[in-house]
Amino acid sequence: MLCGLGLHRTGARAVWNAGIGFSTCAHCGREIIRRPGRPWARVPRGYVVVWRPIRPDPPRAAGEHRDWSKPASWIADAASESHPPNMAEMLEAITVQPPFTDMISSLSPLPAPATLAPAPDATAEIPADPPREPVERARPPQPSRRAARIRTTLSLLHHRIARRLARPAVAREPASRGFRHLARRIGAAQPGGKRIATILLSAVCDAGTANDTMLMFAAMLQDELGGRLLVVDATLRADGISSALGLSAVPGFSDMRDDDPHGALEMIQLLPRPSVFLMPAGLNPGAVNSNDLPALLPALSAHFDHILIQQHAIFSDTRYLPIAAGADLVIVLAEEGQSRMPDLARCRETFRANAIGQVGMLLALPPTDPTA
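Parameters at a glance
- Residues numbered from 1 in each chain as written.
- Predicted model: local features only at pLDDT ≥ 70, side-chain atom pairs only at ≥ 80, totals over all residues.
- Heavy atoms only, no water.
- Phe/Tyr/Trp six-rings, centres within 6.5 Å; stacked < 30°, edge-to-face > 60°.
- Helix = DSSP H or I, 4+ residues; strand = E, 2+ residues; numbered from the N terminus.
- Buried < 20%, exposed > 50% of the residue type's maximum accessible area, 1.4 Å probe, protein only.
- Salt bridge = Lys/Arg side-chain N within 4 Å of Asp/Glu carboxyl O.
- Core = buried A, V, L, I, M, F, W, Y, C linked by side-chain atoms within 4.5 Å.
- Contact = heavy atoms within 4.5 Å.

A. Just the packing of aromatic side chains, in detail. Evaluated as defined, the whole model comprises two aromatic pairs. Here the aromatic rings of F179 and F217 are separated by 6.2 Å at their centres, their planes lie at 40 degrees, and the arrangement is tilted. In this pair, F179 is assigned in helix 4 (residues 175–188) and F217 in helix 5 (residues 207–225), connecting sequence segments 38 residues apart. Each member of the pair, F179 as well as F217, is classed as buried.

This is the structure in structure tokens:
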């Protein structure tokens, strides 16, 4: 498997000639080469490694040893080495070397233990009179078609993975940019000569996506348009923005009355972001009179520049309809790949049946992993 992916492992012996390495894979047993700047790989198709004998070493004086710091100087028959140098002698030989430029200029031509040449014809022969016994390796048997297909598939997979890992990550636009653009359009819109002050977000997605969108939308709406912003949790459930902010056990929307606007103002909570306030869902979110909030909207609008109301899908609770009818703009929140088209169609039919005309749509993208 590793060899099929190009991860060969060199054998015990490796020969270098003119900067090219020659060896045998310790896993698959095939001949492999290494060019400068590249990993070990199999011999290219149409080429074979021709092994030639090395000229005998010149006689050496007593105590003389090889220069182990020079490539290919160690390639020799083990029997001709009378006394291999120990580690101390090797370190001494390396430390007393001249500067690199002087060493290169004084090097003699290297022997040629192996070369890469085109495959010989059937009649070609290796010289029969070498001073030592030549090393001749037969070409490996041709693999079967199935094995060739497997290796080809693994090679393609290896290259695809390498390209994917080397591909630079595409920088995505900040999520706040789309909300800023929407907030500016809302601030510039004047339907019927009246500015948009009350905005309803009807979520056709799960509560987590709805809460995250509400937080981002509220921050960008206040940042772009300024003034005081009131966020109202009118989901009539315990999974709205109040729960996400840890304010689910305080009085709020379910506890206010349309005949007591001052009492409703006392239930409003100040959020950490300046000029952004929250009307929590209340102590009993399910017990809500659907006409209370529309009756209180004029009184609340006198104290806040914009009111952002959170609901779930308009068809999921009939008590949502009076609140939606009293808003200046309704935005349907859908999540790509999660919200169902039949649910969006039901939203459209519900708006039409109740004469709710100022309706838009906001598409939220699912979160992505930054390391992929």
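Read on for the rest.
B. Representation of the pattern of salt bridges. Taken as a whole and assessed by the stated rule, the structure comprises eight salt bridges. Put simply, R257 and D259 hold a salt bridge, and the shortest N to O gap is 3.3 Å. Its relative accessible area of 49% is what places R257 among the partly exposed residues. Each member of the salt-bridge network shares a partner with another, and the members are R180, R184, D223 and E224.

C. Expanded view of the nonpolar core. One finds L230, V232, F253, M279 and L293 to be the most contacted residues of the largest nonpolar core, which totals 35 residues. Among the elements of the structure, strand 7 (198–204), strand 8 (229–233), strand 10 (276–279), helix 8 (292–301), strand 11 (306–312), helix 9 (320–326), strand 12 (329–335) and helix 10 (341–353) are those that each provide at least two residues to this core. Setting aside chain neighbours within four positions, we find L293 in contact with V232, F253, M256, L300, I309 and I323. Counting 28 residues, the second-largest nonpolar core is a separate cluster that includes A183, F217, V231 and L362.

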